[in-house]
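Summary of the model geometry
The lines below spell out each chain.
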Amino acid sequence: MRADKMDKYSKLEKRMEVRFSNPELLEMALTHPSFAMDNHCGDNQRLEFLGDAVLQLCVSNALYERYPGIHEGQLTRRRAALVCETNLAKAAKRLRLGDWLRLGHGEELLGGREKASILSDAMEAVIAAIYRDAGYETAFAFIARVLNDFEAAETDTRDAKSRLQEAMQQNGGSGPVYEIINEEGPPNARIFTARVLRETGEEIGRGTGRRKQWAEEAAAEQALHQLQSAAESGKTQEA
């Protein structure tokens, strides 16, 4: 089995600088749900779930070690810039990952090999496959290579609260409203929980931090992610 799969994916392994002991993991990572539906086989969604967690851990650990002097809000922004769909899709395109995707006929006709959402999901699945096959250190090294040694090419230096304010007001809407909804821990190590609301009272984000400002920043970051996901979902439905 290794020989057959090695021939099939050897060029991709060379591009990734990773050799799989179990290449079936790589094949699963490249299997989009549309292919699985057409061919009655497994898809890459479970690996994608695991890969997201591995990616978050590796990037968080790298940033924690590299930037000892910055607070959690800044770390969160740097991590978000690295693990966002756009950045992962760019990394996948540099690897030409789309060339090896297993897509259903319909998705193939719709240009699935170039879709950012499909490429970023496949990247997360590949990360999980590497982690399952060779462990944390190999996965960490791969992520470091494909994410430019954990340096985002473009990072919005404004804090999340400023970006959320702009995003919510750009179409004439009202700005966000913040509330501290919980405090816990001893006086010298308080943990605050904040939430951010629309003017209507709808909660769109929640976060925690050792300062109220940091908790609000984390809530704003989550709200931005929710708004981006909603916008991308709307574009997908329109398409």
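What you are looking at is a predicted structure, and each value in this text was computed from that prediction instead of being measured. (Residues numbered from 1 in each chain as written. Predicted model: local features only at pLDDT ≥ 70, side-chain atom pairs only at ≥ 80, totals over all residues. Heavy atoms only, no water.)

**Notes on the confidence of the model for the chain**
Basically, it comes down to this: Across the chain, each position has a pLDDT score giving the predictor's confidence in that residue, from 0 to 100. Under the DSSP-based scheme used, a helix requires at least four consecutive residues in state H or I and a strand at least two consecutive residues in state E, with every element numbered from the N terminus.
Mean pLDDT over the chain stands at 87; residues scoring 70 or higher make up 91%. No element of the chain has a lower mean pLDDT than helix H1 (residues 2-16), at 76, and none a higher one than helix H9 (residues 136-146), at 97.

**Points about the environment of Pro33**
For the record, the criterion: Burial classification: accessible surface area is computed with a 1.4 Å probe over protein chains only, and a residue below 20% of its type maximum counts as buried, one above 50% as exposed, and the rest as partly exposed.
Relative to the elements of secondary structure, Pro33 occurs in helix H3 (residues 33-39). Residue Pro33 is classed as partly exposed on the basis of its relative accessible area, which comes to 22%. It is 5.2 Å that separates the C-alpha atoms of Pro33 and Asp43, two residues lying 10 residues apart in sequence.

**Notes on the sheet that holds strand E3 (residues 203-209)**
The line we're drawing: In this analysis, strands are considered paired if DSSP registers two or more bridges between them. In this analysis, axes come from line fits to C-alpha atoms, helices being fitted only over the stretch in contact, and the angle between any two N-to-C directions falls in the range 0 to 180 degrees.
Sheet architecture is open: 3 strands sit in the order E1-E2-E3, paired in antiparallel fashion. The open sheet has two free edges, formed respectively by strand E1 (177-184) and E3, since each of these has just one partner strand. Going across the sheet, the axis of each strand differs from the next one's by a mean of 20°, ignoring polarity. Across 6 bridges, the pairing between strand E2 (residues 191-197) and E3 is antiparallel. If you follow Phe192 over to E3, its bridge partner there is Gly209.

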